[in-house]
Amino acid sequence: MLSIKNLHASVEDKEILRGINLEIKAGEVHAIMGPNGAGKSTLSSIIAGNETYEVSEGEILLEGEDLSELAPEERAHKGVFLSFQYPVEIPGVSVTNFIKTAINEKRKANGQAEMPANEMLKMIREKSELLEMDRKFLSRSLNEGFSGGEKKRNEIFQMAMLEPKIAILDETDSGLDIDALRIVANGVNKLKNENNAVLVITHYQRLLDYIIPDFVHVLMDGKIVKTGGADLALELEEKGYDWIKQEQEA
Amino acid sequence: MSKYTEDDLKVELENKEYEYGFYTDIESDTFPAGLNEDIVRAISKKKNEPEWMTEWRLEAFRAWEEMTEPHWANVHYEKPDFQAISYYSAPKKKDKYESLDEVDPELLETFKKLGISIDEQKKLSGVAVDIVMDSVSVATTFKKTLAEKGIIFCSISEAIQEHPELVKKHLGTVVPQRDNFYAALNSAVFSDGSFCYIPKGVRCPMELSTYFRINQGGTGQFERTLVIADEGSYVSYLEGCTAPSRDENQLHAAVVELIALDNAEIKYSTVQNWYPGNKEGKGGVFNFVTKRGLCEKSAKISWTQVETGSAVTWKYPSCILKGDNSIGEFYSIAVTNNYQQADTGTKMIHLGKNTKSTIISKGISAGKSQNSYRGLVQISARADNARNFSQCDSLLMGNNCGAHTFPYIESKNTSAKIEHEATTSKIGEDQVFYCNQRGIPTEKAIALIVNGFSREVLNKLPMEFAVEAQKLLEISLEGSVG
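Calculation rules
Per chain, the residues get numbers from 1 upward, laid out in the order the sequence is written. Each chain gets a letter, beginning with A, and each ligand a number, beginning with 1, in the order they are written. Two thresholds apply to this predicted model, a pLDDT of at least 70 for residue-level local features and 80 or more for giving and counting side-chain atom pairs, whereas whole-chain, interface and lining totals are computed over all residues. Numbering of helices and strands starts at the N terminus; helices are DSSP runs of H or I of at least 4 residues and strands are runs of E of at least 2. Whether a residue is buried, exposed or partly exposed is read from the other C-beta atoms within 10 Å of its own C-beta, which are placed from the backbone; 20 or more gives buried, 12 or fewer gives exposed, and intermediate counts give partly exposed. Bend, in this description, refers to the angle at a residue between axes fitted to the seven residues ending there and the seven starting there. For this entry, the nonpolar core is defined as buried Ala, Val, Leu, Ile, Met, Phe, Trp, Tyr and Cys residues connected by C-beta atoms within 7 Å. Residues are defined as contacting one another if the C-beta atoms placed from their backbone atoms lie within 7 Å. For this classification, Asp, Glu, Lys and Arg are treated as charged, while Ala, Val, Leu, Ile, Met, Phe, Trp, Tyr, Cys and Pro are nonpolar and the rest, including Gly, are polar. Working convention: axes come from line fits to C-alpha atoms, limited for helices to the stretch in contact. Angles between N-to-C directions cover 0 to 180 degrees. Take the far helix as your reference; a near helix turned counterclockwise from it by less than a right angle gives a left-handed crossing, and one turned clockwise gives a right-handed crossing. Angles are sorted into four bins: roughly parallel if under 35 degrees, roughly antiparallel if over 145, roughly perpendicular if 65 to 115, and oblique for all others. Only when DSSP finds a minimum of two bridges between them are two strands counted as paired.

A. Expanded view of the environment of Lys362 of chain B. Residues and elements named next belong to chain B. Tracing the sequence through the fold places Lys362 in strand 14 (residues 356-365). Classification of Lys362 as buried rests on a count of 25 C-beta atoms within 10 Å. Distance in space between the C-alpha atoms of Lys362 and Leu395 is 7.7 Å, their sequence separation being 33 residues.

B. Molecular detail of helix 12 (residues 442-458) of chain B. Residue and element names in this part refer to chain B. At Gly452, helix 12 shows its maximal kink, close to 40 degrees. Across the 17 residues of helix 12, 12 count as buried, placing the element largely inside the fold. By the burial criterion, the buried members of helix 12 are Ala445, Ile446, Ala447, Leu448, Ile449, Val450, Gly452, Phe453, Ser454, Arg455, Val457 and Leu458.

C. Looking closely at the nonpolar core. Val200 of chain A together with Leu258, Ala260 and Ile266 of chain B are the most contacted members of the largest nonpolar core, which has 177 residues in total. With residues near it in sequence (within four places) discarded, Leu258 of chain B still touches Val174, Val227, Ile266, Tyr268, Gly293, Leu294 and Ile301 of chain B.

D. Representation of the interface of chain B and chain A in the model. At the interface, 17 residues of chain B touch 22 residues of chain A. The residue inventory of the side of chain B that touches chain A, partitioned by class, reads seven nonpolar, six polar and four charged.

E. Structural view of the packing of helix 11 (residues 429-437) of chain B against helix 12 of chain B. Residue and element names in this part refer to chain B. At a minimum axis distance of 9 Å, the contact between helix 11 and helix 12 shows a crossing angle of 120 degrees. Two packed elements cross with a definite hand, and for helix 11 against helix 12 that hand is right-handed. In this structure, helix 11 contributes Gln431, Val432, Cys435 and Asn436 to the contact, and helix 12 contributes Thr442, Ala445, Leu448 and Ile449. Across the contact of helix 11 with helix 12, the residue classes tally to five nonpolar, three polar and no charged.

F. Broad picture of the packing of helix 5 (residues 148-162) of chain A against helix 6 (residues 178-191) of chain A. All names here are of chain A. The contact between helix 5 and helix 6 brings their axes to 10 Å, and the two run at 10 degrees. Accordingly, the angle class assigned to the pair helix 5 and helix 6 is roughly parallel. Of the residues in helix 6, those in contact with Gly149, Lys152, Arg153, Ile156, Met159 and Ala160 of helix 5 are Ala180, Ile183, Val184, Gly187, Val188 and Leu191. Taken together, the residues of the contact of helix 5 with helix 6 break down into eight nonpolar, two polar and two charged.

G. Looking closely at the sheet that holds strand 18 (residues 417-426) of chain B. All names here are of chain B. Reading across from one edge, 4-7-9-12-14-16-18 is the order of the seven strands in this open sheet, with parallel pairing throughout. Edge strands, defined here as strands with exactly one partner in the open sheet, are strand 4 (234-240) and strand 18. Going across the sheet, the axis of each strand differs from the next one's by a mean of 5 degrees, ignoring polarity. Across 10 bridges, strand 16 (residues 387-396) lies against strand 18 in parallel orientation. Along strand 18, the bridge assignment pairs Phe389 with Glu419. Across the sheet, helix 12 is in contact with strand 9 (300-307), strand 12 (327-336), strand 14 and strand 16; its angle to strand 14 comes to roughly 160 degrees.

H. Local environment of unusual backbone geometry. All names here are of chain B. One non-glycine residue, Asn338, adopts positive backbone phi at about 50 degrees. The residue Asn338 is located in the loop between strand 12 and strand 13 (341-350) in this model. Despite not being glycine, Asn354 has its phi angle at roughly 55 degrees, a positive value. One can find Asn354 in the loop between strand 13 and strand 14.

Structure, rendered in C-alpha cells:
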C-alpha cells in the first residue's frame, strides 16, 4: 500500500529525516513511536505533501505510484489521509459544509459526479453515529471552540467520510480523555479493512491498547532504529526510550 | 500624406471616447466638457424638467462650486478634472452582437462561473435579444403586479414628470444638495436613477431586484435613487448586479435616499462589481457614493452591501434614527484585491429614544490593496436608551495588503449602550494546508475560508443573490494566492 524508501528530509537546512524505510501492506496497522523531536510529525507532514519540508532523497509510493511530484490535494484524492495533531479552525464553515466540499472535490478529481444530497446525508448520519457525535456538532463551525476530544473525533469522522487508503493518525490520542479515546479508537477499528491501512504516530502507548498494531517502529533522530510487534510498545512504555539509545550506541 | 477617410474619423472618435470613458454618439448632440450653470440648465431642459427641478439643480451646483473634494478618506488617487468631463451624453447605445460567440470569452467565463442563464448573459452583454421574449413578458407581469398594489417603481426622470408632488416633497430631505462635494455634484447633474414608492400598509410582494436586473443592464454615472416606504409598508430593494460591469465611466457619484415612515421597513441590498482596474492598478472606476436613510417612529432600515468592484470606493450607507424605537442595520462585505482601495462603513445617528443599531463589517484584503472601515455611532442627548453593537472583522491575504479600522463613537447620553468588537486575522498557511489535505485545492480553500468569514453578512442577502454573491467573492479573489 504505502512504501517509503530511503527518505531524507530537512527544514531550513536542518536534516530531520535521515533515511526512513517503511513498508505498509493493505490490511495492516503500523505504529511509529519515538521521543519528542525524533521526526514523527515531520514524517506525517511529508507523506501528506506539506511543502514546508524539503525532501532531498528517497521516495514515497502509494500503491506503486510515486507521490513526490503531487500536490497535497492530489495525494488526498488518491487516498492519503492525515489526522492532524492540531486541527485548525475555520470560522463560519460548518463541519457538514466542509466535508461535503472535500468529498465532492475528491469525486471531481476522480471523474465522478457530485454525491447526491440524500446519499451524503445518509453517510453523514451513519458515520457520525459511529463516532457517537451529537448532530448539533455537524452544524458548528469547523473546530471553532471544539474541545480537544471533539477536534480529534471530528478528524476521525472526516476520515470515515473520505474512506482513505492510508490513514495517518498523528498523535490522535493527545488531548483525549479515556472515553473519547475509546470512541475514537473504536471508530478507527471499525473503519479498518483489508483494503486500507493505518499508520499511528504516537508518543505514548495507551492508544495502542485500543488500536492493536501489527508492527511497531521506533523512530529516533530521523531513523527507524527498531521494529517489533505490539509487545514492543509495552516494553517502551515500561522502560522508556533510553535503552534503545544505548542499544544503538553499543 | 495618407487619405483621411470617414472611417478614420470614426476610429479617432471612438478612441477618444474610450480615453474619457464616455460614449459619444456622433449622430446626437453631446454636451461639451465642463460644468457651469448653462450646462446644468441644459441637462434639465433636455430632460424636460419642471422649473422647480431646474432651480433645485442650480442650487446644488452653486453649492458645489464653493466646495472642495474631501481628502480625509484613507484612499489615494489622482483627482478627476471635473471640467474635463462631459455631463450629458446621449443615452448609452450598447454594442450589439449577433450571438454570444462574438462576446469577450473572458466575460462569458465569468458569467458561467456566476451561474447566470444564457438568456440573461445575452441581455447583459448586449447581444440582440429579440429571441428572448421571455424576459420582456416577465417584466410586464411584474409591472402589473406592482401597479395593482399601488406601488410606484419607475425611473427618477419619469417620477419627476408623473409624481412631482412625491419627488418635490422628499428629494434632498435625507441627503441635502450641499451635504458633501459628490452629493452636490450629483444633485446638479444626475442623469437618471430609480424611484420607488410603497403605499401605506403595503408589503411589496417581490424583491425589486428581479425586475431591476432584467430592465437595467447599464448603470448611469450620476445615479439618483429615492425610495419612500409609507407608514407600515415593507420593501426589499436590490441594486447592482453580480455580473461584471465594464462601465467605462471612471467617475461614479451616486446618491441614494431612503425614507421609512412610521413602522415601515426598507431592506436595501447592493452588490457592486464595477471594473476594479487591471492587475497593475491601471484604470477602474472611482465610486463615490452617498447613501442615507431616514427612519421615523418604529421604522427599520437595513443596508446590506457586497462591494467587490471599483478601483476606489468611498461609501458610507447611513441611518438617521429620528423616530423613537427605530432600528438601523448595516451589513457589509468589502473585498479589495490587487491595487483596489476601499474606505467604507456607516453612520448611525441616534436621535430618537430606544433606538437600536447594528453594524457588521467584514473587510477582506488581498494583493496590494487597502481596505478601511470607517464608522460613526452618534448618540444625541435626547436619545435615551440607545443601543449599538458594532463588529468589524478584517481578513488579510498575503503580506502586501492593509486593513484599517476607524470607529468613531460620540455619545451625549449616559443611558446609551455601545459595544464595539474588532478582529483582524490572516488566512494561515496551516488553514490552507488542512483543506488541501482533505482534497480541497488552494483556490477553493480560500473561497471556503472567505465565505465562512463573510457568512453573517451573506445570510442577510436575498436568497438567490446570496449564492451569486458567494461565487462573486471567489472570483474577485482568484489569483490572489501564489
